[in-house]
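The primary structure of each chain is shown beneath.
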Amino acid sequence: PSQPARCAAVLGGLRARLGVFASPGNHDYYAGLGRLRDALAEQGIPLLCNAHRTVSLNGSTLVIAGLDDAKVGRPDLAATLAGAPADAPVLLMSHNPDAVAELPAGPPIALTVSGHTHGGQIAPFGRPIITQTRNRRHCRGWAEGPRGRFYVGRGLGPVCIPLRVGSDPELPIFRLVAAGAEPSCPPGDRSVS
């Protein structure tokens, strides 16, 4: 977080057919959200903070949305989805899973991804000691919220102390398939419905 331009340059190397998008987390605020937003913009990466973008491919539309951080920001789902096509599936990014678990009831969201927790970071025998979330059930992997299932990734590094126990680093990759299309997974991939 102390080197937003360097971080943005690394992320600028990502290539995705429909674009690369980011949403803010608590450490982005601590380091200066404006600096990060500017550095990402130089790389062509929009920082979606209570905002969305609509992308289309082969006649299918997807809303990619980013909530503000739940710990130090002001997440607002209504503002995030304002103007989004009502019939398009939503991929929601929310750094902190607490925001996802506390969303107001409403239509399901196709996929929500979160992080923040580092999977517990110190989790001997798979039981997290440090959760960075108000609910231990929302610490890693799949969880259930008022708008449907969501995934909490363990992330790549530690926070506060340079140690991870029982919470291996993780960079989840999701293959999105349009409704009604036949999913296909290369060998080694896992399909989740």
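In case you missed it, the structure is sitting above this.
Every value quoted in this text rests on a predicted model; they were computed, and no experiment measured them. (Residues numbered from 1 in each chain as written. Predicted model: local features only at pLDDT ≥ 70, side-chain atom pairs only at ≥ 80, totals over all residues. Heavy atoms only, no water.)

(A) Layout of the packing of helix α1 (residues 4-11) against helix α3 (residues 33-42). Orientation of α1 relative to α3, taken along the N-to-C sense of each, is 35°, at an axis distance of 8 Å. α3 is crossed by α1, and the crossing has right-handed handedness. For the pair α1 and α3, the contacting residues are Pro4, Ala5, Ala8 and Leu11 in the first and Arg35, Leu36, Ala39 and Leu40 in the second. Taken together, the residues of the contact of α1 with α3 break down into seven nonpolar, no polar and one charged. (Axes fitted to C-alpha atoms, helices over the stretch in contact; angles between N-to-C directions. Helix = DSSP H or I, 4+ residues; strand = E, 2+ residues; numbered from the N terminus. Left-handed = near helix turned anticlockwise from the far one by under 90°. Contact = heavy atoms within 4.5 Å. Nonpolar A, V, L, I, M, F, W, Y, C, P; charged D, E, K, R; others polar.)

(B) Local environment of the nonpolar core. In terms of nonpolar packing, the biggest core is built from 14 residues, with Leu67, Leu77, Val90, Leu92, Leu103, Ile109 and Phe150 touching the most fellow members. Going through the elements one at a time, β2 (60-66), β3 (90-93), α5 (97-101) and β6 (148-152) are the ones with two or more residues in this core. Sequence-distant contacts of Val90, that is, excluding residues within four places in its chain, are made with Leu62, Val63, Ala65, Leu81, Ile109, Ala110 and Leu111. Core analysis: the second largest hydrophobic core is formed by nine residues, Leu33, Leu36, Ala39 and Leu47 among them. (Core = buried A, V, L, I, M, F, W, Y, C linked by side-chain atoms within 4.5 Å. Buried < 20%, exposed > 50% of the residue type's maximum accessible area, 1.4 Å probe, protein only.)

(C) Up close: unusual backbone geometry. A positive phi angle, close to 55°, is found at Asn50, a residue other than glycine. Position of Asn50 among the secondary structure elements: in the loop between α3 and β1 (51-57). By relative accessible area, which is 17% here, Asn50 ends up buried. Not every positive phi belongs to a glycine, and Asn58 is a case in point at roughly 50°. As for its position among the elements, Asn58 is in the loop between β1 and β2.

(D) Region of interest: the pairing of strand β4 (residues 111-114). Pairing geometry for β3 and β4, over three bridges, is parallel. The residue bridging Leu91 from the neighbouring strand is Leu111, located in β4. Strand direction decides the pairing type here: β4 and β6, joined by three bridges, are parallel. Bridging from a neighbouring strand, Val113 pairs with Tyr151 of β6. (Pairing = 2+ DSSP bridges.)

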